[in-house]
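# Secondary and tertiary structure notes
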Amino acid sequence: MREEVIISFLNKLNGKIPYAIIHHVEGVFDIFGDIDLVVDSNKRELHNFITDFCRTNKYYYICHTIDLGAVRYNMVCFDKTEIIKIELDITYSNNNILGIKVNELLKETKVVGVKGGVFNTLTNENEYLIYLNKKAFKKSRINEYLNYFKRLMPQLTEDEIRKDYNKKLKHFESLSFRSKFYLQKATLLFYRFKENPSIVIGFLGPDGSGKTTIIKGIERNNPFINFEYYHLKPIRRKNKIDKTETNPHSKRNYTFSLSVLKLAYFIFEYNLNWMVNIFPKKITPILTVFDRYFDDVFADPQRYRYGASGTAVRFARNFIPGPDITFILSAPADVILKRKKEVSKESLLLQLEKYNKLAQKKNYFIIDVNRPVNDIIKDIILIILKHKRNEQS
């Protein structure tokens, strides 16, 4: 299906907007690769095209500005057996950081056939120029790419290629370029905050509801570029999966006074660490996942040795930042107890009742986990993508 989606997308694009694939067109169908494109279009025209294409085919996308004049779209589609993500890095403007003249590049292109698809690509000379630009900008070691450059421009000697590279490198290290670069980066922050390319999600549910398994599946099929995991609080830990107690319900609750003080400390702790660890990621394309969150104190107070009222927890929640979406994993009590029996059936039923109350809040979703894991993961990712579509459309 991946090949069919890529061929269909590029064929439709070719009928609307002039384009060319840059860098390694032979790997256009690679599962772990992205597709680099140049298009002769403004940002709005490009965005409208991709939005219409995805809506027509019931696909989804997440987008973020890479640099001024360049944008990434992660296009996601579903079939019966898998979740397919296609990464598109698109340079669309002459006002981009590398100074790439898109309309000049697309004046002369060539057609290449790959596994049943026919695609536009750059001439060898233009491919050489743009690739050299990118490697010099990143200060990549030229020796690692000499063979590729020689294949593109066999008439050039290695010394001539190095000379071209050093010339580009000198330009990117110049004061005039660096001044322009930092000015554009400052402008880029505005675009990133406006786009909000990140999302924070949380998972709640009793022990045995499958949180760890589902989170691992979400990470494998992550529609974003990056992934971060937190357990309960927005605090960085050395180990990805926090080592919790094997029997957290065995200890006695704190007194009423200590429990209220604990809530006050939670408010301070959550806000401070959210500002330090979560808020700065708002401008990066990252999926941040919480395995449990503060709401768990309301549903399962015994786990946290909390001895005050649920009303106090609900009041404290008003002062704590939270995930964009919270998933409550649920199943019949007998099913959960077969997986992990840490509390009595009566206690578990009470937890499930409280989780159901939480689900009445906005952007809280109950997920039935008494079914195949792959189906659960697809449903969760679909909810995430629909949420981002509403934000970015």
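Rules of the game
- Residues numbered from 1 in each chain as written.
- Predicted model: local features only at pLDDT ≥ 70, side-chain atom pairs only at ≥ 80, totals over all residues.
- Heavy atoms only, no water.
- Helix = DSSP H or I, 4+ residues; strand = E, 2+ residues; numbered from the N terminus.
- Buried < 20%, exposed > 50% of the residue type's maximum accessible area, 1.4 Å probe, protein only.
- Salt bridge = Lys/Arg side-chain N within 4 Å of Asp/Glu carboxyl O.
- Pairing = 2+ DSSP bridges.
- Patch = residues over 30% accessible without salt bridge, like charges linked within 9 Å, V, L, I, M, F, W, Y side chains within 5 Å.
- Areas by Shrake-Rupley, 256 points an atom, 1.4 Å probe, with all protein chains shown as cover.

Another point: unusual backbone geometry. For lysine 115, which is not glycine, the phi torsion reads 50° and is therefore positive. With respect to the helices and strands, the residue lysine 115 is situated in the loop between strand 6 (109–114) and strand 7 (117–122). Notably, arginine 292 is not glycine yet its phi reads approximately 75°, a positive angle. Position of arginine 292 relative to the elements: it lies in the loop between strand 10 (286–291) and helix 10 (296–299). By relative accessible area, arginine 292 is classed as buried at 3%.

Evaluation of the coordinates by the stated rule reveals 22 salt bridges. Of the charged contacts, one joins aspartate 67 and lysine 185 as a salt bridge, the two residues approaching to 3.0 Å between their closest N and O atoms. Residue aspartate 67 is found in strand 3 (residues 60–67), and its partner lysine 185 is found in helix 7 (residues 175–195); the two are separated by 118 residues along the sequence. Judged by its relative accessible area of 14%, aspartate 67 falls in the buried class.

On to the pairing of strand 8 (residues 199–204). Of all six residues that make up strand 8, six are buried, and the element is covered over most of its length. Residues Ile199, Ile201 and Phe203 point to one face of strand 8 and Val200, Gly202 and Leu204 to the other, with burial holding for every one of them. In the sheet, strand 8 pairs with strand 10 via five bridges, with the strands oriented parallel. Looking at strand 10, one finds that isoleucine 199 is bridged to leucine 287.

Here the focus is a nonpolar patch on the surface. On the surface, a cluster of nonpolar side chains totalling about 800 Å² of accessible area is made up of Leu189, Phe193, Tyr265, Phe268, Leu272, Met275, Val276 and Phe279. Of all elements in the fold, only helix 7 and helix 9 (256–278) reach the threshold of two or more residues within the nonpolar patch. At five residues, the largest contribution of residues to the nonpolar patch is made by helix 9. Along the chain, the position of tyrosine 265 falls in helix 9. In this structure tyrosine 265 comes out as partly exposed when scored by relative accessible area, which is 46%.

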